[in-house]
Amino acid sequence: MGDAFDGPVREVLHAGCPVVCCETHEEARLVAAVAAIARELGVPVRTWSLLDAPGVPPAEAVAAELRALREATGPQVLLLADVHPFLDHPAVARAIRAFVAAAPPGRRLILVSPLFRVPPELEHDLVVLSLPLPDPAALAAVAAETLAALKLAPDPAALAAVGDALRGLTLAEARWVVRKAVRSAGGAVPGPAVVLREKGWRFGRAEGMEIVAEEVPLERVGGLDELKRWLDERRLAFSRGARDFGLPPPRGLLLMGVQGCGKSLAAKAIARFWSLPEVRLDLGLIVGHPYPEALLRQAIRIAEAMAPVVLWVDEIEKGFGTEAAGARRLLGGFVTWLQEKREPVFVVATANEVEALPPELPRKGRFDEIFFFDLPNVHERAEIARIHLAARGRDPAKFDLDALARRTDRFSGSELEQVVLSALYAAFSAGRDLQQADLLAAAAETVPLATTYEDRIQALREWARTRARPATLDRRKLDAFQPG
Ligand SMILES: Nc1ncnc2c1ncn2[C@@H]1O[C@H](COP(=O)(O)OP(=O)(O)OP(=O)(O)O)[C@@H](O)[C@H]1O
Ligand SMILES: [Mg+2]
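Residues numbered from 1 in each chain as written. Chains lettered and ligands numbered in written order. Predicted model: local features only at pLDDT ≥ 70, side-chain atom pairs only at ≥ 80, totals over all residues. Heavy atoms only, no water.

## A word on the pairing of strand β3 (residues 76-81)
Part 1: Extensive coverage of β3 is indicated by the burial of six of its six residues.
Part 2: What you see with β3 is no split at all: Gln-76, Leu-78 and Leu-80 on one side and Val-77, Leu-79 and Ala-81 on the other are buried throughout.
Part 3: One ladder, built from four bridges, connects strand β2 (residues 45-48) with β3; its direction is parallel. Bridge pairing in β3 links Trp-48 to Leu-80.
Part 4: Pairing between β3 and strand β4 (residues 107-113): six bridges, direction parallel. The partner of Gln-76 across the bridge, within β4, is Arg-107.
Part 5: In this fold, β3 hands off to helix α4 (residues 90-102), which returns the chain to β4; that crossover is right-handed. (Buried < 20%, exposed > 50% of the residue type's maximum accessible area, 1.4 Å probe, protein only. Helix = DSSP H or I, 4+ residues; strand = E, 2+ residues; numbered from the N terminus. Pairing = 2+ DSSP bridges. Right-handed = clockwise from strand over helix to strand, strands pointing away.)

What follows is the structure, given as structure tokens:
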């Protein structure tokens, strides 16, 4: 378990890097790892936190500690906690730079915090290591300990399932989630579903990330057969069989297209279709956070610990396309990760504005494919109406959906859903069940957004013509601006 966590720290310490920022929630684990590495190097370690300097203004206390390290004699590793809020304090920044410049032989400084924001003046002096979360085996070991303390002895298969379900948590969180899961399971060894539910609760607090609990079956997505074919072809892509066959896991999809045409819906359906968990990244929240880059690194750490997983980035252009300070740097970090990631984290990004989409995102090597979601064609409209009627307990066979589809030219999927809903309201208020006439009347009353946004839709299509693959192959009926 230690390698992925200890490895990078060992590497930089052996290489003689003077200052390293270790980004992790697991301070105790880092302290233990550093102690072990220092033993290998034959160097003493000292740990320090603000608790060691009561009554002194924090920035001054940190600066004094750094000065002492610079002026000390002999090799030493100093592990400092609680420094990150003071990195941009002039005295602290200066003390770090002075330490780096003096490069006293054998002396190393390690800063630890869950999140780091490195001020520009220190960018060339600090190395930030984003340390991985524990792997399933380590989590299973912690689960075993916690369960044993509760006098529960799971069989190995049950334990492995619990360890797997805990992925994305720290060891301390895992302990706590296991305890809660045991309680929910009425004092028994919890199954993975219970653990996942308890873990979801913890995720609600992980800034910028949430577990997508809603499971959308692919059958609830109407049309889009080309996308469905692509997904079906990769159904087993995350299996051991695929790996043994020599296939790399799929990297991700960019879903572009017209508003209300099922991009977010499809993003939810993919995870369930592939039997993977799904987490949603709230880029808006991350961009607006005081430590956006650290938060994005944290989100990536969690996603990688949960892999194989679907990471859904909804409205990606609204997060990265803003002028908010740091949005561009954040994008740079994200794109690099997209391109270089090794873990099977399947990224599904959705967007509906081409103007705001940063041009580096759709470039080759970032996503496996860019799918374009156009307005549904006449067949798809009938299918979408069928789905929404069935979802509301009506028998679609009782309605002439082809006629409805012909009368709903340029309607989006979401507008078709609204037609079904308005028709149901009309029928309900008339005190009878739904009739074909209600559907047709609701359709006649709706002015589809596409009529108002014709220019934007044309611009989207123009963009997609050379860059994207249609999510629906039926091109004959694709152009909704022809009577269809
Ligand atoms: N192809 C479809 N099949 C079934 N329902 C659909 C389809 N497209 C849209 N809908 C309905 O419309 C709702 C809104 O669609 P969705 O949020 O997926 O659109 P979107 O493409 O993400 O739009 P936006 O660009 O505005 O985010 C869905 O929850 C679903 O109920
Ligand atoms: Mg959407």
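So that's the structure; there's more coming.
## Regarding the packing of helix α5 (residues 136-149) against helix α6 (residues 156-165)
Geometrically, a packed helix pair is captured by the angle between its two axes and the distance between the axes.
Part 1: Axis separation between α5 and α6 bottoms out at 8 Å; the angle between their running directions is 115 degrees. Crossing geometry of α5 relative to α6 is assigned as right-handed. Only Leu-159, Val-162, Gly-163 and Asp-164 of α6 make contact with α5, whose side of the interface consists of Pro-136, Leu-139, Ala-140, Ala-143, Ala-144 and Leu-147.
Part 2: Each residue belonging to the contact of α5 with α6 can be placed in one class, and the counts come to eight nonpolar, one polar and one charged. (Axes fitted to C-alpha atoms, helices over the stretch in contact; angles between N-to-C directions. Left-handed = near helix turned anticlockwise from the far one by under 90°. Contact = heavy atoms within 4.5 Å. Nonpolar A, V, L, I, M, F, W, Y, C, P; charged D, E, K, R; others polar.)

## Some details on the nonpolar core
Part 1: Leu-166, Leu-227, Ile-316, Phe-334 and Leu-361 are the most contacted members of the largest nonpolar core, which has 100 residues in total.
Part 2: Among the elements that line this core, the one with the most residues is helix α13 (residues 292-306), at nine residues.
Part 3: Viewed by domain, this core spans two of them, domain 2 (136-203) and domain 3 (218-373), each represented by three or more residues.
Part 4: Discounting residues that sit within four places of it in the chain, Leu-361 has contacts with Ile-316, Phe-320, Leu-331, Phe-334, Val-335, Leu-338, Arg-366 and Phe-367.
Part 5: Listed in part, the 27 residues of the second largest apolar core include Val-83, Val-92, Ala-93 and Phe-116. (Core = buried A, V, L, I, M, F, W, Y, C linked by side-chain atoms within 4.5 Å. Domains from an automatic or database assignment.)

## Remarks on the packing of aromatic side chains
Part 1: A complete count under the given rule lists eight aromatic pairs for this structure.
Part 2: On the basis of an interplanar angle of 40 degrees and a centroid distance of 6.3 Å, the ring pair of Trp-230 and Phe-346 is categorised as tilted. One end of the pair, Trp-230, is in helix α9 (residues 225-233); the other, Phe-346, is in strand β10 (residues 345-351), and 116 residues separate them in sequence.
Part 3: Trp-230 gets classed as buried once you look at its relative accessible area, which sits at 3%.
Part 4: Among the residues examined, Phe-346 registers a relative accessible area of 0% and is labelled buried.
Part 5: Ring geometry for Phe-238 against Phe-346: centres 6.4 Å apart, planes inclined by 85 degrees, an arrangement best described as edge-to-face. Taken together, the positions of Phe-238 in the loop between α9 and α10 (240-244) and Phe-346 in strand β10 put the pair 108 residues apart, joining distant regions of the chain.
Part 6: Exposure remark for Phe-238: the relative accessible area of 17% places this residue in the buried category. (Phe/Tyr/Trp six-rings, centres within 6.5 Å; stacked < 30°, edge-to-face > 60°.)

## Focus on the pairing of strand β8 (residues 278-281)
Part 1: For strand β6 (residues 209-211) and β8, the ladder comprises three bridges, and the chain directions are antiparallel. From the neighbouring strand, Met-209 faces β8, where its bridge partner is Leu-281.

## A few points about the site of ligand 1
Part 1: Taken together, 18 residues lie near ligand 1, and Gly-222, Gly-260, Lys-263, Asn-352 and Glu-417 sit nearest.
Part 2: One of the side-chain nitrogen or oxygen atoms of Ser-264 is found 2.8 Å away from an oxygen atom of ligand 1.
Part 3: One of the backbone nitrogen or oxygen atoms of Leu-265 is found 2.9 Å away from an oxygen atom of ligand 1.
Part 4: When the free accessible area of ligand 1 is taken as 630 Å², the share hidden by the protein chains comes to 82%.
Part 5: Residue assignment for the shell around ligand 1 shows that the elements contributing at least two residues are α11 (263-273), α16 (378-391) and α18 (413-429).
Part 6: Each residue belonging to the shell around ligand 1 can be placed in one class, and the counts come to five nonpolar, nine polar and four charged. (Near = heavy atom within 4 Å. Polar contact = N/O pair within 3.5 Å; in protein donor to acceptor, adjacent residues only side chain to side chain. Areas by Shrake-Rupley, 256 points an atom, 1.4 Å probe, with all protein chains shown as cover.)

## Concerning the sheet that holds strand β9 (residues 309-313)
Pairing between sheet strands relies on hydrogen bonds along the backbone, with the strands arranged either parallel or antiparallel.
Part 1: Within the open sheet, the seven strands sit side by side as β6-β8-β9-β10-β7-β11-β12. Their pairing is mixed. This sheet does not close on itself; its edge strands, each paired only once, are β6 and β12 (469-470).
Part 2: Bridge analysis of strand β7 (residues 252-257) against strand β11 (residues 369-373) gives five bridges, and the strand direction is parallel. Residue pairing in the sheet places Met-256 in a bridge with Phe-372 of β11.
Part 3: The strands that helix α21 (residues 454-467) touches are β7 and β11; relative to β11, the one it contacts most, it runs at about 150 degrees.

## With respect to the sheet that holds β4
Part 1: Pairing in this open sheet of five strands is parallel, and the strands run β2-β3-β4-β1-β5 from one edge to the other. A strand with exactly one partner marks an edge of an open sheet, and here the two such strands are β2 and β5 (127-130). Between one strand axis and the next, the sheet turns through 20 degrees on average, direction left out of account.
Part 2: Contacting β2, β3 and β4, helix α3 (residues 58-71) runs over the sheet at an angle of about 155 degrees to β4.

## Looking at the confidence of the model for the protein
Part 1: Of the residues in the protein, 97% reach a pLDDT of 70 or more, and the chain-wide mean stands at 90.
Part 2: Contacts for the low-pLDDT stretch residues 480-484, under 50 throughout, to residues beyond four places or in other chains number 16 contacts. (pLDDT = per-residue confidence, 0-100.)

## Side note on the environment of Gly-163
Part 1: Position of Gly-163 among the secondary structure elements: in helix α6.
Part 2: Taking relative accessible area as the criterion, Gly-163 reaches 0% and is therefore assigned buried.

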